[in-house]
Amino acid sequence: MSAYAIRYVDRAAQRKATMAAPQRASLEELEKRLSLNPYGSPATSNRDNSWSAAFKGGFITYVVSNRHVVINVVNLVAL
């Protein structure tokens, strides 16, 4: 199975760009896990075709395109 590509919408990409290094490293670890299985742990279904997953210092909300093997991050919240 191919790994999923991860794309960020503009607002989420801007938030990612301003994250501190430790927070960004935690997010990058999450991205690695999700790219292999966007439906596995720590993913949580939001029951509206979107998923959420937490990392140290925040969480993302995303939708998955199995047709294009892409995860589209639609929101990133840094806590």
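Shown above is the structure to which this text applies.
In this report, we go over the structure that sits alongside the text.

Quick notes on the rules
- Residues numbered from 1 in each chain as written.
- Predicted model: local features only at pLDDT ≥ 70, side-chain atom pairs only at ≥ 80, totals over all residues.
- Heavy atoms only, no water.
- Helix = DSSP H or I, 4+ residues; strand = E, 2+ residues; numbered from the N terminus.
- Rg over C-alpha atoms; globule rule 2.2 N^0.38 Å.
- Buried < 20%, exposed > 50% of the residue type's maximum accessible area, 1.4 Å probe, protein only.
- Contact = heavy atoms within 4.5 Å.
- Areas by Shrake-Rupley, 256 points an atom, 1.4 Å probe, with all protein chains shown as cover.
- Lys, Arg positive; Asp, Glu negative; His and termini not counted.
- Charge placed at Lys NZ, Arg CZ, Asp CG, Glu CD.

## Overview of the overall build of the protein chain
So, step 1. Looking only at helices and strands, one finds two helices and five strands in the protein chain.
So, step 2. Helices and strands appear in the protein chain in the N-to-C order β-α-α-β-β-β-β.
So, step 3. Whereas a compact globule of 79 residues would reach a radius of gyration of roughly 12 Å, the protein chain reaches 12 Å, a difference of no more than 12%.
So, step 4. By principal-axis analysis of the C-alpha atoms, the protein chain measures approximately 35 × 20 × 20 Å.
So, step 5. Looking at the protein chain as a whole, 39% of its 79 residues qualify as buried.
So, step 6. In the protein chain, of all internal contacts separated by at least 6 residues, the share reaching a separation of at least 24 is 46%.
So, step 7. Here the protein chain displays about 4900 Å² of accessible surface, and carbon together with sulfur accounts for 52% of that area.
So, step 8. Looking at the protein chain, you have 10 positive and 5 negative side-chain charges, and the mean spots of the two groups are 2 Å apart.

## Brief notes about the environment of alanine 54
So, step 1. Tracing the backbone through its elements, the reader meets alanine 54 in strand E3 (residues 51–55).
So, step 2. Of the residues examined, alanine 54 reaches a relative accessible area of 48% and is grouped as partly exposed.
So, step 3. Along the sequence, alanine 54 and serine 35 sit 19 residues apart, while their C-alpha atoms lie 14 Å from each other.
So, step 4. Sequence-distant contacts of alanine 54, that is, excluding residues within four places in its chain, are made with Leu30, Pro42 and Phe59.

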